[in-house]
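# Overview (structure and organization)
The chain contents come next:
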Amino acid sequence: MADRRGVLIPLLILGWFFFGPDPARQSAARLQQRPSIEHVIAEEERSLWALRNSSYGDLNSPLGNVLNLTGLEDDRGYAWEGLQKVQERAKGRLQYALGDAGLKALEGEVGGSAPPALYSNVTGHVHGRWLRSKVQDSVHIPRLNLSTYAPMSPFGPLALDQFGRNITGVDGDVRMRFHERTPYDADTITGVANVTGISAEMTLQDSQSGEEIDLELYGVYDIQIGQAVMTTTSNKMAGIFMLPYFTLSEHVFESARTMLNKSITQTIRSQRTGGSFSLNPWSSNVEDNPRTAFEAPQCELILYLQQLPPSGSRTVATSSKLLAFLEREMRFPTGAFLPSAPELRFSMLAFSPDCGYVLESKGEPDFVPQDGQHLTGPKIEVLQGRGRHHLLLFAVAIVGQFALLMRQMREANTSSTRSRISFYSISLLALGDGFAGITFLFIGLAVRGLWINLIATAFLAFLSVMFFGMRFLLDIWTAQAPERAIRAREEAEEERQRQERFRATLERLRAEQLQREAASAETPDSSVTVVARPDADVHTLAPPSAHIDTASADTATPSLTLPVTAQRPTDTGAAAVFMPSDQEGLVATQTNTGTQTAADVEASSTSFGSIYIRFYLVLFATLFMTLNAISWPMGLRRAYFTTLALISLSFWVPQISRNVQRNCRKALTLEFVIGQSLLRMVPFIYFYAYKSNVLFADRQPYILIALAVWLWIQVVLLASQEFIGPRWFIRNDWAPPAYDYHPILREDEEGATMPLGLSEPTSSSAPTSPLVERRASLSSPMTRRGSIAKEAKGKGKRVYNCAICFQDLEVPVTEAGGSSDTTVAGILARRSYMTHAMISSTSDWVCDQKHTLHEPPPPPYDFPPDYEDAPTQPSKHALDTALSHLALAIAALYRAGPCYKRQSENLWFFVAGSWSREEYGRQVEKAGRGLRKRESVVRDVGFAEGKVREAVDVLWREGDARDARDLVEAVEGFRAG
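Residues numbered from 1 in each chain as written. Predicted model: local features only at pLDDT ≥ 70, side-chain atom pairs only at ≥ 80, totals over all residues. Heavy atoms only, no water.

Within the protein, the secondary structure is distributed over 33 helices and 15 strands. For the protein, the proportion of contacts with a sequence separation of at least 24, taken over those separated by at least 6, is 73%. A total of about 56600 Å² of accessible surface is found on the protein, and carbon and sulfur atoms cover 58% of it. (Helix = DSSP H or I, 4+ residues; strand = E, 2+ residues; numbered from the N terminus. Contact = heavy atoms within 4.5 Å. Areas by Shrake-Rupley, 256 points an atom, 1.4 Å probe, with all protein chains shown as cover.)

See below:
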């Protein structure tokens, strides 16, 4: 029975993972540095009481700080005096966007002209450029005592030089994603109809340092004026409780305080009942994980966002009813036809009270629209619909790659073709599909609206990899197994020879040392005998004198010469064996190195199962590296992704190298090469050239052009290797020697370089064995007529008869002493005598027949019955009708293949009585143009036999019995082959 105790370990790990204690609740007990959930609830209730019992203007009260909230203490030293200037700047942005009607709506005034139509639900993505605000000059940088904010460690306070999220550059990029926290039409929750809860995931990128800052802000959104006020919350600033004081009017203050009173109360109730264990429900960390005990404090941020009219102008505003209909139909679709929805447009103003910087978006009226348009982007519904269309495009590209791969697998159905294909080229293609599939899978787990589309696309990619890509790799691996075995044996043999040389050198050195020691010893004898120690290794201590040289052995024989009839010793190559008199201790001086080498090769050979493991290890390692690279600085991240793209588009480089190494061509079809190259460029074109991509990646046309040129160079090299030669662009000594199937033919070396059947035998090349002599005696001038040269049409060429098909073949020959033609035309001319019409047609016929090997044979031909009532006089047009049927039959046989075309010559003997050879060819060609579309070889042969049967029937029916018998006899010759 199998031992299943190993299953307990993963079960225990999963049990601890799901049922273990929450680290957020245990951290305070372990380190005693963070408050418990009870202390957090008490502090939140105190701050909420302060919010409820305050009024608008308490933040800037002339009596000083009257709000008992964290972050407003006098000893903090924050730049709160700059908040009023930032609010004035925000009011100016409001007036520019909505005009005077917007200012009236801000104060809660009723009547007058209504503000322009704005989106009520702003869930979506926006991005743009930021720069330092003009208000920055009037806001002083706080001088804070950083030691009071330094986190405590077991060894004391940590060194702190600045807060995190501190912006030091002058401009950069900003991206924001809005989430709706409280539905705007759920009055029972908010209590107010025109204010909703909102949160935003914000990414600030500094162009100077390349640093990216991710944070999440929470706040309120006023639907009527399209203004959002958001802030961060931490243990050094109670931002969410101060939020109503950051608003621009008392009317918005009351609305925001009413909504926050109920939403914060619900959050505290959830914490008290155990529904939430978060110590900061409004944390600014995007990953939503609790801060560590030793994490440095972060800069706080107050954000003002003003929605601009979707049309882009106050004078040409979109109708409120139309915009409301578009918004309702996008959120709750009913199938109505919709025009294109306008994008979200926001102006941004960000203020950090503890770090003292003020940022704003780049756009009108300070800049022209060409320089910046503030923050723009699609709504989430538009983005999801666009993503579905783009995923459909990716799915079509994957299906195209899948179809091309299947066609290539069908073409590479022989071991010879598979051995020419590079294993690493197909592996790179499979890795690309696998990486795309896993990427879609991970995105599908994060994006709920596109989950089905992403999973379906990922399934197509995995289907292409696991069931067809890996199968093709297995076929290539199996076909190239003998090559790997030969290479492994060569490497093992080289290693064995290296060890033998090392062993021989060691023996020589030790023997010389022994000889020097023996020569230095004082002995009375003149001759010194060196004897190895009994405990020494025989192979390592044997002196060189143990190896007897053949030449020295001959000279060491007795002076008497051997008789003439005595047999000389023959070197059989057998291993020398020492045989004592009692036949004990039989020791061979040479071991069976071949068996040992084979065993070593077998032990070091790699199975395809290990290739599977390596494939997926590389795939997941690349994925994890890419996920980690997302958080790198901008320059390093761009370099990584560009390098990854360059490697992923280098899938033809291994195939080019293999063509050079093996001197082979036509490993992959041009259809597969060009099709895969175009389809693999689709994702790069999308992300590098398409502005509205789903990742909002910046367009980088220069990188895209470089990638396209690099891939185009590979395709051109592959195509040139097929038409010109695998090694035309390298020197001869850069690659191992290989047989040249298209050598340069010279007049002075024709006998040595002309192909078989094209050279004329000379006296010096007479047969040297009886077998060759008997074969030569059987040959006749007729069989050697291919060696007879004819007059050529051009200079430097000769005409020979092909020894295979006996057709005239014009061969380029270099004159004696002349230089060879190394141009492309010369190379193609040298290849022509190996790929002329007969060889090409035969290969085409083989390629056609390999798809019809399992088709049933054509039905047998039945002889026509004898017609008793046949007329005695033949019809005038009976023979013409029969010949037309025969022309159709012969045309179908021509199309069936060279084999049937050759057999159809039996029908020529019947037609020769009526047509000349030229007329015969014209009639067959004319009949061929009238044939239906080709389906298979069996159909063509069956059609031909049917037409022959009709011709015989016509002749019998019209009384032409003699021609009918002649045609039947010709058909019997055709069937006999």
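In this section: helix 22 (residues 682-689). Those residues of helix 22 lying buried are Phe 684, Tyr 686 and Tyr 688. Buried residues belonging to helix 22 abut helix 10 (380-411), helix 19 (634-648), helix 21 (670-680) and helix 23 (701-723). (Buried < 20%, exposed > 50% of the residue type's maximum accessible area, 1.4 Å probe, protein only.)

Before going further, it helps to examine unusual backbone geometry. Omega for the peptide link from Glu 364 to Pro 365 comes to 0°, which places this bond in the cis form. The topology assignment puts Pro 365 in the loop between strand 10 (358-361) and strand 11 (375-377). Phi is positive for Lys 666, close to 55°, though the residue is something other than glycine. With respect to the element layout, Lys 666 can be found in the loop between helix 20 (653-662) and helix 21. The residue Phe 696 is not glycine, and still its phi comes out positive at about 55°. By the secondary structure assignment, Phe 696 is in the loop between helix 22 and helix 23.

Next up on the list: the packing of helix 28 (residues 878-896) against helix 31 (residues 917-929). Where helix 28 contacts helix 31, the two axes come as close as 8 Å, and the packing angle between them is 75°. As the angle between them shows, helix 28 and helix 31 are arranged roughly perpendicular. Across the interface between the two elements, Ala 887, Leu 888, Ile 890, Ala 891 and Tyr 894 from helix 28 touch Tyr 920, Gln 923, Val 924, Ala 927 and Gly 928 from helix 31. Each residue belonging to the contact of helix 28 with helix 31 can be placed in one class, and the counts come to 8 nonpolar, 2 polar and no charged. (Axes fitted to C-alpha atoms, helices over the stretch in contact; angles between N-to-C directions. Parallel < 35°, antiparallel > 145°, perpendicular 65-115°, else oblique. Nonpolar A, V, L, I, M, F, W, Y, C, P; charged D, E, K, R; others polar.)

Strand residues, when the strand is regular, have side chains that alternate between the two faces of the sheet. Of all 8 residues making up strand 9 (residues 344-351), 8 are buried, and the element is well covered by its neighbours. Of the two faces of strand 9, the one carrying Leu 344, Phe 346, Met 348 and Ala 350 and the one carrying Arg 345, Ser 347, Leu 349 and Phe 351 are both buried. As defined by bridge partners, strand 8 (residues 302-307) adjoins strand 9 across 6 bridges and the pair is classed as antiparallel. When the bridges of strand 9 are listed, Ile 302 appears paired with Phe 351. Direction of pairing for strand 9 relative to strand 11: antiparallel, over a ladder of 3 bridges. (Pairing = 2+ DSSP bridges.)

So, on to the packing of aromatic side chains. Enumeration according to the criterion identifies 22 aromatic pairs in this entry. Ring centres of Phe 394 and Phe 440 lie 6.0 Å apart, and the angle between their planes is 55°; this geometry places the pair in the tilted category. Taken together, the residues Phe 394 in helix 10 and Phe 440 in helix 12 (residues 423-446) connect sequence positions 46 residues apart. Classification of Phe 394 as buried rests on a relative accessible area of 11%. With 5.4 Å between their ring centres and 75° between their planes, Tyr 640 and Phe 641 make a pair best called edge-to-face. Given a relative accessible area of 15%, Tyr 640 falls into the buried group. Residue Phe 641 is classed as partly exposed on the basis of its relative accessible area of 29%. A network of ring pairs unites the aromatic residues Phe 394, Phe 440, Tyr 686, Phe 687 and Tyr 690 as a single cluster. Taking the ring centre of Trp 477 as reference, the NZ or CZ of Arg 484 above it sits at 3.5 Å. Directly above the aromatic system of Tyr 894 lies the positively charged group of Lys 901, at a separation of 5.0 Å from the ring centroid. (Phe/Tyr/Trp six-rings, centres within 6.5 Å; stacked < 30°, edge-to-face > 60°. Lys NZ or Arg CZ within 6 Å of the ring centre and 35° of its normal.)

This next bit is on the side chain of Asn 121. Inspection of the secondary structure assignment puts Asn 121 in the loop between helix 5 (100-106) and strand 1 (125-132). A residue is classified by how much of its surface remains accessible, and Asn 121, at 2% relative accessible area, is buried.

Moving on, we get to the state of the cysteines. On inspection of all chains with the given rule, the structure shows 1 disulfide. Disulfide pairing places Cys 299 opposite Cys 355 at an S-S distance of 1.8 Å. Judged by the sign of its S-S torsion, about -80°, the bond between Cys 299 and Cys 355 is left-handed. Highlighted residues: Cys 299 in the loop between helix 8 (250-273) and strand 8 and Cys 355 in the loop between strand 9 and strand 10, separated in sequence by 56 residues. Accessibility classification places Cys 299 together with Cys 355 in one group, the buried group. (Disulfide = S-S within 2.5 Å.)

Among the surface-exposed residues, Leu 441, Phe 442, Phe 620, Phe 624, Leu 627 and Ile 630 lie close enough to one another that they form a single nonpolar patch of about 550 Å² accessible area. Counting only elements with at least two residues in the nonpolar patch, the list comes to helix 12 and helix 18 (608-629). If one sorts the elements of the nonpolar patch by residue count, helix 18 sits on top with 3 residues. Looking at the secondary structure, you find Ile 630 in the loop between helix 18 and helix 19. On the accessibility criterion, Ile 630 (48% relative accessible area) is partly exposed. (Patch = residues over 30% accessible without salt bridge, like charges linked within 9 Å, V, L, I, M, F, W, Y side chains within 5 Å. Salt bridge = Lys/Arg side-chain N within 4 Å of Asp/Glu carboxyl O.)

It is possible for side chains bearing opposite charge to pair when their charged atoms get close. Under the counting rule described, the total for this entry stands at 30 salt bridges. A salt bridge links Asp 366 to Lys 134, with the shortest nitrogen-to-oxygen separation between them at 3.5 Å. Residue Asp 366 is found in the loop between strand 10 and strand 11, and its partner Lys 134 is found in the loop between strand 1 and strand 2 (152-153); the two are separated by 232 residues along the sequence. The salt bridge involving Lys 236 is made with Asp 354; its shortest N-O contact spans 2.4 Å.

Attention now goes to the nonpolar core. A general trend in soluble globular proteins is that nonpolar side chains are found buried together. Counting 91 residues, the largest nonpolar core has Met 176, Met 202, Met 230, Phe 246, Tyr 304 and Leu 305 as the members making the most contacts within it. If one sorts the elements of this core by residue count, helix 8 sits on top with 7 residues. Counting residues in hydrophobic clusters, the runner-up holds 36 residues, among them Phe 423, Phe 615, Leu 668 and Leu 711. (Core = buried A, V, L, I, M, F, W, Y, C linked by side-chain atoms within 4.5 Å.)

Sites flagged by UniProt as "coiled-coil region" (unreviewed entry) map to residues 485-512. Along residues 485-512, the helical share is 100% and the strand share 0%, with 40 Å between the first and last C-alpha atoms. (UniProt positions renumbered as here; feature names shortened; annotations may be inferred.)

Following the sequence through the fold, Ser 113 ends up in the loop between helix 5 and strand 1. Look at Ser 113 and you get exposed, because its relative accessible area is 56%. Counting along the chain gives 11 residues from Ser 113 to Gly 102, while the straight-line C-alpha distance between them is 9.4 Å.

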